[in-house]
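The chain contents come next:
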Amino acid sequence: MKTFFIKMQGLGNDFVVLDSRLQQSPLDPEKIRFLADRRLGVGCDTVVVLEPPKKSAKALVYCSFFNSDGSQSAACGNATRCIAGLLAAETGQSGIVIETAVGELFASVNPDGQVCVDMGVAKLEWQEIPLASSENMLFLPIALGPLNGAVGVNMGNPHAVFFVDDVAAVDLVTLGPQVENHPLFPQKTNVEVVSVLGPDRLRMRVWERGAGITQACGTGACAAVVAAIRRALIAGPSAVVELDGGNLHIEWRKSDGHVLMTGPWAEVYRGDIDYP
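Just so you know, these numbers come straight off a predicted model, no measurement behind them.

The next point concerns the overall build of the chain. The secondary structure content of the chain amounts to four helices and 18 strands. Here the chain has a C-alpha radius of gyration of 18 Å; the compact-globule value for 276 residues is 19 Å, and the two agree. Over its C-alpha atoms, taken along the principal directions, the chain stretches across nearly 50 × 40 × 30 Å. Every one of the 276 residues in the chain was classed for burial, and the buried ones make up 55%. Taking the intrachain contacts of the chain between residues at least 6 apart in sequence as the baseline, contacts between residues at least 24 apart amount to 61%. Surface summary for the chain: the accessible area is close to 11400 Å², and the carbon and sulfur share equals 51%. Of the side-chain charges in the chain, 22 are positive and 30 negative, and the distance between the mean point of each set is 2 Å.

Turning next to the layout of surface pockets. Unoccupied space between atoms shows up once a probe the size of one water molecule is rolled over them. For the largest pocket, the calculated volume is near 190 Å³. If you trace the largest pocket, you find 13 residues lining it, with Val 102, Leu 105, Met 119, Gly 120 and Val 121 closest to the centre. Elements represented by at least two residues in the lining of the largest pocket include exactly strand E7 (103-109) and strand E8 (115-121). With four residues, the top contributor of residues to the lining of the largest pocket is E8. Residues of the lining of the largest pocket, tallied by class, amount to six nonpolar, four polar and three charged.

At 3.6 residues per turn, the α-helix brings residues three or four places apart onto the same side. In this model helix H2 (residues 77-91) runs 21 Å from its N-terminal to its C-terminal C-alpha over 15 residues, within 8% of the 21 Å that 1.5 Å per residue would give. When you tally the buried positions in H2, you get twelve out of 15 residues, the bulk of the element. Turning to H2, its buried residues number three or more, namely Gly 77, Asn 78, Ala 79, Thr 80, Arg 81, Cys 82, Ile 83, Ala 84, Gly 85, Leu 86, Leu 87 and Ala 88. Remark: Gly 92 follows H2 within two positions and exhibits a positive phi of approximately 80 degrees.

This structure, assessed with the given rule, holds one cavity of 30 Å³ or more. Looking at the largest cavity, its volume works out to about 110 Å³. Taken together, 15 residues line the largest cavity, and the ones lying closest to its centre are Ser 73, Ala 75, Cys 76, Asn 157 and Glu 208. Counting only elements with at least two residues in the lining of the largest cavity, the list comes to strand E4 (61-67) and helix H4 (218-230).

What follows covers the pattern of salt bridges. Going through the model one piece at a time under the given rule, you end up with eleven salt bridges. Of the charged contacts, one joins Asp 14 and Arg 38 as a salt bridge, the two residues approaching to 2.8 Å between their closest N and O atoms. With a gap of 24 residues between them, Asp 14 in strand E2 (residues 13-19) and Arg 38 in the loop between helix H1 (29-36) and strand E3 (46-51) connect regions that are remote in the sequence. When its relative accessible area of 8% is taken as the criterion, Asp 14 is described as buried. Two residues, Glu 267 and Arg 270, come together in a salt bridge whose shortest N-O distance is 2.7 Å. For Glu 267, a relative accessible area of 35% gives the class partly exposed.

What counts as what
- Residues numbered from 1 in each chain as written.
- Predicted model: local features only at pLDDT ≥ 70, side-chain atom pairs only at ≥ 80, totals over all residues.
- Heavy atoms only, no water.
- Helix = DSSP H or I, 4+ residues; strand = E, 2+ residues; numbered from the N terminus.
- Rg over C-alpha atoms; globule rule 2.2 N^0.38 Å.
- Buried < 20%, exposed > 50% of the residue type's maximum accessible area, 1.4 Å probe, protein only.
- Contact = heavy atoms within 4.5 Å.
- Areas by Shrake-Rupley, 256 points an atom, 1.4 Å probe, with all protein chains shown as cover.
- Lys, Arg positive; Asp, Glu negative; His and termini not counted.
- Charge placed at Lys NZ, Arg CZ, Asp CG, Glu CD.
- 1 Å grid on protein atoms, 1.4 Å probe; cavity = no way out; pocket = protein on both sides within 12 Å on 5 of 7 lines; lining within 4 Å.
- Points joined across faces, edges and corners; volume = space filled by probe spheres on them.
- Nonpolar A, V, L, I, M, F, W, Y, C, P; charged D, E, K, R; others polar.
- Expected span 1.5 Å × (residues − 1).
- Salt bridge = Lys/Arg side-chain N within 4 Å of Asp/Glu carboxyl O.

In structure tokens, the structure reads:
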């Protein structure tokens, strides 16, 4: 039986969306890797599964996120923004609630069509990342070439944020997997390399846990702004983050500590596919 899917992207970070509200599509790591394969399947960084809400009375859907290597992630900022845009177009509502493994996420569609998602509170304690041991969260003891002293942040998934002079000069293909699999991170980690361009502007490249280099990472951009404010590298409370795929606007709201992410989304095409 053919499986219906929607191909979406947010700043070049791309997704295969399976709507299990319409058609049950049992998944396993092998099927996820097939869907994500850019030669044999559809091709994506992340597979997203939509289901009816599990606990939330407010949410329209429950979202699950699977990395291209078949592993599961609790959060994906760019995918959440895309799903919010999709649901807004589907329902005509400008305010959308999405249930995920990290709880309810609230999104709104701006007049220009961009979507703002409340990604919740940044977690900053070593147990919350999690780390293997108690460390200085502003200068984690990692030294790999130009990467030294990461800031640890959890935005529903773990992040190690490194500040460097020039993100383009960092060999992320080599260093990304070394940091991702560093023994300090028992659940592995996403890796961001960030340069400060001004008091409210950052440049970022990312190595995503379970996916490798991607064009953009929403939770990573949130983590980068939180890290830069905590290090007093930018004034805050908000900044534009320049990614390989485009720009995100991130605000670390002072009133409640929530992180807001705003950016574009797009549906690319719809189709059907057979598993091998």
